[in-house]
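The primary structure of each chain is shown beneath.
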Amino acid sequence: MKDQIKRAVQHNQIVDIMYMAKDDTITKRRIKLIKIVGDTVQAYCFIRHAKRSFKTDNILAIQPVISKARGLNA
């Protein structure tokens, strides 16, 4: 998991994560990874519209967001 996080930071990726909060609730977040500081990841959270810190041990799953531009003709 930590290797995936490191790669995502290096490539400045936007990812979806499943995250377990302090109160044991699990949320899905879309974040843009900024940097790793110790055992936390600093990222911009698109749900909160703010910079947030996430403990790497509480990230349960990580999936890169792949956006495809499609031209739709009506």
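Note that this is a predicted model, so its numbers are computed, not measured. (Residues numbered from 1 in each chain as written. Predicted model: local features only at pLDDT ≥ 70, side-chain atom pairs only at ≥ 80, totals over all residues. Heavy atoms only, no water.)

### Considerations on the sheet that holds strand S4 (residues 50–55)
Across the sheet, 5 strands lie side by side as S4-S3-S2-S1-S5; this open sheet has antiparallel pairing. Of all the strands in the sheet, just S4 and strand S5 (59–64) have a single pairing partner and so form its edges. Looking at each pair of strands side by side, their axes are set apart by 45 degrees on average, direction ignored. Pairing between strand S2 (residues 26–37) and strand S3 (residues 40–45): 6 bridges, direction antiparallel. Residue pairing for S3: isoleucine 31 is matched across the bridge by cysteine 45. Set on the sheet, helix H1 (residues 2–10) makes contact with strand S1 (14–20), S2, S3 and S5; between it and S2 the angle comes to about 65 degrees. (Pairing = 2+ DSSP bridges. Helix = DSSP H or I, 4+ residues; strand = E, 2+ residues; numbered from the N terminus. Axes fitted to C-alpha atoms, helices over the stretch in contact; angles between N-to-C directions. Contact = heavy atoms within 4.5 Å.)

### Some details on a nonpolar patch on the surface
A cluster of nonpolar side chains, contributed by Met18, Ile26 and Leu60, occupies part of the molecular surface with about 260 Å² of accessible area. Tracing the chain through its elements places leucine 60 in strand S5. (Patch = residues over 30% accessible without salt bridge, like charges linked within 9 Å, V, L, I, M, F, W, Y side chains within 5 Å. Areas by Shrake-Rupley, 256 points an atom, 1.4 Å probe, with all protein chains shown as cover. Salt bridge = Lys/Arg side-chain N within 4 Å of Asp/Glu carboxyl O.)

### Thoughts on the pattern of salt bridges
If you walk through the whole model with that rule in mind, you get 2 salt bridges. For lysine 2, the salt bridge identified is with aspartate 57, shortest N-O distance 3.6 Å. One end of the pair, lysine 2, is in helix H1; the other, aspartate 57, is in the loop between S4 and S5, with 55 residues separating them in the sequence. Residue classification places lysine 2 among the partly exposed residues on the basis of a relative accessible area of 46%. Judged by its relative accessible area of 57%, aspartate 57 is exposed. Of the charged contacts, one joins aspartate 16 and arginine 30 as a salt bridge, the two residues approaching to 2.7 Å between their closest N and O atoms. Residue aspartate 16 is located in strand S1, and its partner arginine 30 is located in strand S2; the two are separated by 14 residues in the primary sequence. (Buried < 20%, exposed > 50% of the residue type's maximum accessible area, 1.4 Å probe, protein only.)

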